[in-house]
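# Results of the structural survey
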Amino acid sequence: MSTNTINIKPAKGKLGVLLVGLGAVSTTFVAGVEAIKKGIRKPIGSLTQMGHIRLGKRTDNRNPLVKDLVPLADLNDLVYGAWDIFPDNGYEAACKAGVIPMDLLDQIKDDLQNLRPMAAVYDKSYCRKLEATHYKKADNKMLLAESLIKDIENFKTKNKCDRMTMIWCASTEAFNTVSDSHKSLRSFEDGLKNNDPTISPSMIYAYAAFKSRIGYANGAPNLTGEIPALIELAHEMGVPSSGKDLKTGQTLMKTILGPGLAARYLAISGWFSTNILGNRDGEVLDAPENFKTKEESKLSVLESILRPSLYPDLYGNLYHKVRIEYYPPRGDNKEGWDNIDIVGWLGLPMQLKVNFLCRDSILAAPLVLDVVLFMDLAQRSGLKGLQEWLSFYYKSPMVKEGLTPIHNLFHQELKLMNTLRHLAGETQITFLGLDYYM
Ligand SMILES: NC(=O)c1ccc[n+]([C@@H]2O[C@H](COP(=O)([O-])OP(=O)(O)OC[C@H]3O[C@@H](n4cnc5c(N)ncnc54)[C@H](O)[C@@H]3O)[C@@H](O)[C@H]2O)c1
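Residues numbered from 1 in each chain as written. Predicted model: local features only at pLDDT ≥ 70, side-chain atom pairs only at ≥ 80, totals over all residues.

Before going further, it helps to spend a moment on the overall build of the chain. When helices and strands are tallied, the chain shows 17 helices and 11 strands. For 438 residues, the compact-globule estimate of 2.2 N^0.38 gives 22 Å, and the chain sits close to it at 22 Å. A principal-axis box enclosing the C-alpha atoms of the chain has dimensions of 65 × 50 × 50 Å. Sorting the 438 residues of the chain into buried and exposed places 46% on the buried side. In the chain, the proportion of contacts linking residues at least 24 apart, taken out of those at least 6 apart, comes to 78%. (Helix = DSSP H or I, 4+ residues; strand = E, 2+ residues; numbered from the N terminus. Rg over C-alpha atoms; globule rule 2.2 N^0.38 Å. Buried ≥ 20, exposed ≤ 12 C-beta atoms within 10 Å, placed from the backbone. Contact = placed C-beta atoms within 7 Å.)

By nearness alone, 34 residues border the ligand, and Gly21, Gly23, Val25, Ala220 and Arg280 come closest of all. Of all the elements in the fold, those that place two or more residues in the shell around the ligand are α1 (24-37), β2 (78-84), α12 (280-285) and α16 (360-380). In terms of residue count, α16 provides more of the shell around the ligand than any other element does, 4 residues in total. In the shell around the ligand, the residues fall into 20 nonpolar, 9 polar and 5 charged. (Near = placed C-beta within 6 Å. Nonpolar A, V, L, I, M, F, W, Y, C, P; charged D, E, K, R; others polar.)

Looking now at the sheet that holds strand β7 (residues 267-277). Strands sit in the order β8-β7-β9-β10 across an open sheet of 4 strands; the sheet is mixed. Strand pairing shows two members of the sheet lacking a second neighbour, β8 (319-326) and β10 (349-357), which therefore form its edges. Strand-to-strand twist across the sheet, computed as the mean angle between neighbouring axes with direction ignored, equals 10°. In this structure, β7 lies alongside strand β9 (residues 335-343), joined through 9 bridges in antiparallel fashion. Its bridge partner lying in β9, phenylalanine 272 is registered against asparagine 339. (Pairing = 2+ DSSP bridges. Axes fitted to C-alpha atoms, helices over the stretch in contact; angles between N-to-C directions.)

Turning our eyes to something else, we now look at the domain arrangement of the chain. Split by domain assignment, the chain resolves into domain 1 (14-246 + 362-423) and domain 2 (249-357). Averaged C-alpha coordinates put domain 1 and domain 2 at centres separated by 26 Å. Across the side of domain 1 that touches domain 2, the residue classes tally to 13 nonpolar, 9 polar and 5 charged. (Domains from an automatic or database assignment.)

Another aspect to go through is unusual backbone geometry. Omega for the bond connecting glycine 243 with lysine 244 falls within 30 degrees of zero, at -5°, which places this linkage in the cis form. With respect to the helices, strands and loops of the structure, lysine 244 is situated in the loop between β6 (240-243) and α11 (249-263). With a phi close to 65°, leucine 346 is a non-glycine residue in the positive phi region. Structurally, the position occupied by leucine 346 is in the loop between β9 and β10.

Within the largest apolar cluster, 94 residues are counted, with the highest numbers of intra-cluster contacts made by Ile167, Ile204, Tyr205, Val368 and Val371. It is α16 that contributes the most residues to this core, 12 residues altogether. Look past the residues within four positions of isoleucine 204 in its chain and what remains in contact with it is Val121, Lys141, Leu144, Ala145, Leu148 and Ile199. Counting residues in hydrophobic clusters, the runner-up holds 10 residues, among them Ile268, Leu306, Tyr315 and Ile340. (Core = buried A, V, L, I, M, F, W, Y, C linked by C-beta atoms within 7 Å.)

This part takes up the pairing of strand β4 (residues 161-168). Burial analysis of β4 places 7 of its 8 residues in the buried class, the great majority of the element. Of the strand pairs in this sheet, strand β1 (residues 14-20) and β4 are connected by 7 bridges, and their pairing is parallel. From the neighbouring strand, leucine 18 faces β4, where its bridge partner is methionine 166. Note: β4 against strand β5 (residues 215-218), 4 bridges, orientation parallel. Residue threonine 165 lies in a different strand from β5, and its bridge partner there is glycine 215.

Once that is clear, we can look at the environment of proline 117. Along the chain, proline 117 falls in the loop between α6 (109-113) and β3 (118-119). Its 22 C-beta neighbours within 10 Å are what place proline 117 among the buried residues. Along the sequence, proline 117 and aspartate 88 sit 29 residues apart, while their C-alpha atoms lie 7.3 Å from each other. Not counting residues within four places of it along the chain, the set of residues in contact with proline 117 comprises Leu22, Ala82, Trp83, Asp84, Pro87 and His134.

Think of an α-helix as turning once every 3.6 residues; residues three or four places apart then point the same way. Spanning 21 residues, α16 covers 31 Å between terminal C-alpha atoms, matching the ideal 30 Å at 1.5 Å per step. Burial analysis of α16 places 19 of its 21 residues in the buried class, the great majority of the element. Two residues or fewer past α16, glycine 382 is found with a positive phi of approximately 80°. (Expected span 1.5 Å × (residues − 1).)

We now examine the environment of glycine 382. Considering the arrangement of structural elements, one finds glycine 382 in the loop between α16 and β11 (385-386). C-alpha of glycine 382 to C-alpha of asparagine 7: the two residues are 375 residues apart in sequence and 8.2 Å apart in space.

Moving on, we get to the packing of helix α7 (residues 141-158) against helix α9 (residues 201-211). Where α7 meets α9, the axes come as close as 9 Å, and the angle between the chain directions of the two elements is 50°. One finds that α7 runs oblique with respect to α9. In the crossing of α7 with α9, the sense of the turn from one axis to the other is right-handed. Judged by residue contacts, Lys141, Leu144, Ala145, Leu148, Ile149 and Ile152 of α7 engage Ile204, Tyr205, Tyr207, Ala208 and Lys211 from α9. Classifying every residue of the contact of α7 with α9 by side-chain character gives 9 nonpolar, no polar and 2 charged. (Parallel < 35°, antiparallel > 145°, perpendicular 65-115°, else oblique. Left-handed = near helix turned anticlockwise from the far one by under 90°.)

Quick look at the sheet that holds β11 now. The pairing of strands in a sheet comes from backbone hydrogen bonds and takes either a parallel or an antiparallel form. Strand order in the open sheet formed by 7 strands is β3-β2-β1-β4-β5-β6-β11, with parallel pairing between adjacent strands. Only two strands of the sheet have a single neighbouring strand rather than two, namely β3 and β11. Bridge analysis of β6 against β11 gives 2 bridges, and the strand direction is parallel. Its bridge partner lying in β11, serine 241 is registered against leucine 386.

Looking now at the packing of α1 against helix α4 (residues 90-97). Contact pair α1 / α4: the axes reach a minimum separation of 9 Å and the direction vectors enclose 115°. In terms of crossing hand, the pair formed by α1 and α4 is left-handed. Side by side, α1 and α4 meet where Ala24, Thr27, Val30 and Ala31 of the first sit next to Gly90, Ala93, Ala94 and Ala97 of the second. For the contact of α1 with α4, the class distribution of residues is 6 nonpolar, 2 polar and no charged.

The structure is reproduced here in structure tokens:
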């Protein structure tokens, strides 16, 4: 045992889960949790529900469930709120998303039907593919933020929540870069009052969350929690922030395969990734300005895994290309192809092909659950600002300025598990193991 004494507040009472966007990912998350609570499905894919964690030496045989090591909110204590730019309730939205089989959906119809989205904060210039019908109108962005803060307060009172956390599961916004208004909290607040066009809807939601002293996680790749103004606010309000872009499908595979090839010092000359998907997410990403946001997120992972500056002979000339094609017949059932050109001993070329027929939201939903529960844990543990230990869940982990993000899935897992051990006052596991032989 370590001597660490972190005081974690107990997870008692209701946890309000505020979902920005009530589309495929959000409805699949809610439907899954409700099906698990009714005992008709298992929480497959969720570390918080199924994961065990090794404690102490290998010979100690201490492998409790993660949820027995650290106090996590019970699934029965979750209550959901949502905002969307369309008024469809959770059941209607789930039917449109077409992810969940109808026979299962009908068993949880009431739970989803009761989830009615609040009017959203919307700006067409960040998502021009969708024609919103259900959004707030106000003279400036500060008034929009204040309206969200009011929504949060009302939700908390109505649902008697003890705690809350917010997660962005809305459409990917158009590409954006850090502007002068993003550089400090003061300039950001001036920007809100002056309707600065560089302040996106996602930033307004994050601002409202932090002002309400609740954490904010970003499930999509848009620029939000990493801008200096919002980092400053998260610290000031003592709340956690994490992101960004849930790591599912093709990028998950990339961060599993990449470290393996690199560990064997196999050179990679080209990695071409393409996929087809036909859900609303695919439709939004069909716009070049929204795809650019996603592309940056998907391209960033190989650099830190392969470290071409250290290994110019192996990865210095890697050609990495990522494509997404909107193809309506596939709906949420994405198909990804990867062609990896590798080079081995004597410089001889080889090829690796991956054809992943996945279900996008089925992979994303358990990550939403874990992120929500861990963000709540972070807040109860007094962790504030960027939560790098949650990198495991994201394609583009947000880190403190000057740090290189970790993309290797296995390093991310170790970091997450060691953070849980740290919070529980347990010793870190290094896998040194020399003492077994002494
Ligand atoms: N499915 C995955 O595997 C996966 C993985 C990583 C990231 N993501 C990201 O998660 C997000 C959600 O994916 P999805 O498949 O559920 O998409 P979706 O299109 O089914 O749902 C997004 C919802 O957000 C709503 N929306 C758009 N702008 C909004 C705003 N300003 N305020 C409130 N609601 C708004 C849309 O109306 C829609 O209902 C996307 O950004 C996607 O890129 C998904």
